[in-house]
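Residue-level listing of the chains:
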Amino acid sequence: MFAADDFFTFDTGDGALAYRDTHGEGPPVILLHAGFLDSTMFEPQLSALNRYRVIAPDARGHGNSANATRPFRQTDDVGALLHHLGLPSAVLVGVSMGAMIAIETAVEHPALVAGLVVGGRGLDEPQYRDPWSQRVAHTQAAALACGDMAAWMDAFTSWAAGPTRTLEEVDQGIVDKLRQAATRTLSKHTAPEPDYLLPVSDLASRARTIDVPVFAIDGALDSPDLTATVDRFLDAIPHSRRAVLDHAAHYPNMEQPAAYNALVESFIDRVH
């Protein structure tokens with residue numbers, strides 16, 4: 001397990017960004033976490049992927065990293081981290097928001113990316129057509145708009161179950177970790193705070209230029225509207241591959257860590 005004092009930080013010129021670093025001797029791997037969470041979601045990978053140098057940052061405005069005070073792009077923060085560590089490139093492994101950041105980095109900073117592992121999100125915003133997904137997304141947005149954090153948290157954690165399970169059917173240790181991480185991130189922000197995040201332009205069309213190995217790992221129980229965004233990304237990459245893990249939804253690295261880690265290890269070994 002990794003505790004708060006395992007964090008390192010570096011100054012970006014707009015506050016410090018925090019990251020965990022196993023200092024392993026193998027090829028570098030950057031783990032990019034899901035939205036509202038932080039690097040604690042990757043504890044099963046930080047503990048097990050010991051043949052590699054595994055680095056897990058907290059995205060700006062999440063976990064132990066500083067909030068933005070001016071416009072920024074998440075991909076540029078990844079580039080700054082690699083520069084700070086003196087690493088010419090790394091395999092990027094992202095879940096949900098982290099997958100989107102990984103794709104942005106492969107487009108915007110291609111020399112920094114040796115390979116991509118994504119899951120839970122791909123290209124474009126989800127088109128919520130599934131009734132369950134529509135209901136959860138609407139509840140989450142409405143709760144955030146009116147400041148009902150309890151209702152927001154219930155909706156947010158529902159993604160961990162997916163449309164075919166109840167949250168009670170998910171390992172409660174995982175649910176607790178999600179709640180704790182989301183609470184840490186929410187506590188850093190206030191309602192009138194400006195949103196300084198900038199998107200990478202023309203991402204969908206530019207994704208076709210990605211020429212590094214791409215591998216998707218999704219949970220079989222995830223929302224089909226979320227995995228459809230991964231479908232769109234893989235359609236743009238001719239030689240991409242995909243695996244689907246049973247008994248897992250939006251966070252397969254947490255629900256099925258042994259299977260997830262084995263797939264990631266196999267991919268990294270092929271890349272290197």
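Attention here is on the structure that accompanies the text. Because the structure is predicted, anything quoted here is derived from the model rather than measured.

## Digging into the overall build of the chain
(1) Moving on: Of regular secondary structure, the chain possesses ten helices and eight strands.
(2) Moving on: Taken along its principal axes, the extent of the C-alpha atoms in the chain is 45 × 40 × 40 Å.
(3) Moving on: A total of 272 residues make up the chain; the buried ones form 54% of that total.
(4) Moving on: Within the chain, contacts between residues separated by at least 24 positions form 75% of all contacts whose residues are at least 6 apart in sequence.
(5) Moving on: Counting every atom, the chain has about 11,700 Å² of accessible surface; 54% of that belongs to carbon and sulfur.

## Observations regarding helix α8 (residues 224-236)
(1) Moving on: The end-to-end C-alpha distance of α8 is 19 Å, a good match for the 18 Å that 13 residues give at a rise of 1.5 Å each.
(2) Moving on: The set of residues buried in α8 consists of Asp225, Leu226, Thr227, Thr229, Val230, Phe233, Leu234 and Ala236.
(3) Moving on: Each element contacted by the buried residues of α8 is listed here: α3 (97-108), β6 (113-118), α4 (131-146), β7 (214-219) and β8 (241-245).

## Regarding the environment of Ala59
(1) Moving on: Locating Ala59 in the fold gives a position in the loop between β4 (53-57) and α2 (74-85).
(2) Moving on: Along the primary structure Ala59 and Leu37 are separated by 22 residues, whereas in three dimensions their C-alpha atoms are 8.9 Å apart.
(3) Moving on: If sequence neighbours within four positions are ignored, Ala59 has contacts with His33, Ser65 and Met97.

## Regarding the pattern of salt bridges
(1) Moving on: In the structure shown here, the tally under the stated rule is 16 salt bridges.
(2) Moving on: Between Glu43 and Lys177 there is a salt bridge whose closest N-O contact spans 3.2 Å. Highlighted residues: Glu43 in helix α1 (residues 43-48) and Lys177 in helix α6 (residues 172-186), separated in sequence by 134 residues.
(3) Moving on: Owing to a relative accessible area of 8%, Glu43 belongs among the buried residues under this scheme.
(4) Moving on: Residue Arg232 is joined to Asp124 by a salt bridge in which the shortest nitrogen-to-oxygen separation is 3.6 Å.

## Notes on the sheet that holds strand β1 (residues 7-11)
(1) Moving on: The sheet built from eight strands is open, its strands ordered β1-β2-β4-β3-β5-β6-β7-β8 with mixed pairing. What marks the edges here is a single partner per strand, and that holds for β1 and β8. On average, each strand axis in the sheet is inclined to that of its neighbour by 25°, with strand direction left out of account.
(2) Moving on: As paired strands, β7 and β8 are joined by five bridges and run parallel to one another. Pairing of Ile217 across the sheet is with Ala243, part of β8.

## Regarding the environment of Asp77
(1) Moving on: Looking at the secondary structure, you find Asp77 in helix α2.
(2) Moving on: Here the alpha-carbon distance between Asp77 and Leu17, two residues 60 residues apart in the chain, equals 8.3 Å.
(3) Moving on: Those residues in contact with Asp77, other than ones at most four positions away along the chain, are Phe10, Leu17, Arg60 and Phe72.

## As for the side chain of Ser133
(1) Moving on: By secondary structure assignment, the location of Ser133 is in helix α4.
(2) Moving on: You can call Ser133 buried: its relative accessible area is 0%.
(3) Moving on: Within the local environment of Ser133, its side chain forms a polar contact with the side chain of Asp225, the two groups lying 3.4 Å apart.
(4) Moving on: Look past the residues within four positions of Ser133 in its chain and what remains in contact with it is Tyr128, Trp159, Ser223 and Asp225.

## Some thoughts on the packing of helix α5 (residues 149-158) against α6
(1) Moving on: Their axes nearest at 11 Å, the elements α5 and α6 cross at an angle of 130°. The pairing of α5 with α6 is recorded here as oblique in orientation. In the crossing of α5 with α6, the sense of the turn from one axis to the other is right-handed. Of α6, the residues touching α5 (which contributes Met149, Trp152, Met153, Asp154, Phe156 and Thr157) are Leu178, Arg179, Ala182, Thr183 and Leu186.
(2) Moving on: Residues belonging to the contact of α5 with α6 are distributed by class as follows: seven nonpolar, two polar and two charged.

What counts as what
- Residues numbered from 1 in each chain as written.
- Predicted model: local features only at pLDDT ≥ 70, side-chain atom pairs only at ≥ 80, totals over all residues.
- Heavy atoms only, no water.
- Helix = DSSP H or I, 4+ residues; strand = E, 2+ residues; numbered from the N terminus.
- Buried < 20%, exposed > 50% of the residue type's maximum accessible area, 1.4 Å probe, protein only.
- Contact = heavy atoms within 4.5 Å.
- Areas by Shrake-Rupley, 256 points an atom, 1.4 Å probe, with all protein chains shown as cover.
- Expected span 1.5 Å × (residues − 1).
- Salt bridge = Lys/Arg side-chain N within 4 Å of Asp/Glu carboxyl O.
- Pairing = 2+ DSSP bridges.
- Axes fitted to C-alpha atoms, helices over the stretch in contact; angles between N-to-C directions.
- Polar contact = N/O pair within 3.5 Å; in protein donor to acceptor, adjacent residues only side chain to side chain.
- Parallel < 35°, antiparallel > 145°, perpendicular 65-115°, else oblique.
- Left-handed = near helix turned anticlockwise from the far one by under 90°.
- Nonpolar A, V, L, I, M, F, W, Y, C, P; charged D, E, K, R; others polar.

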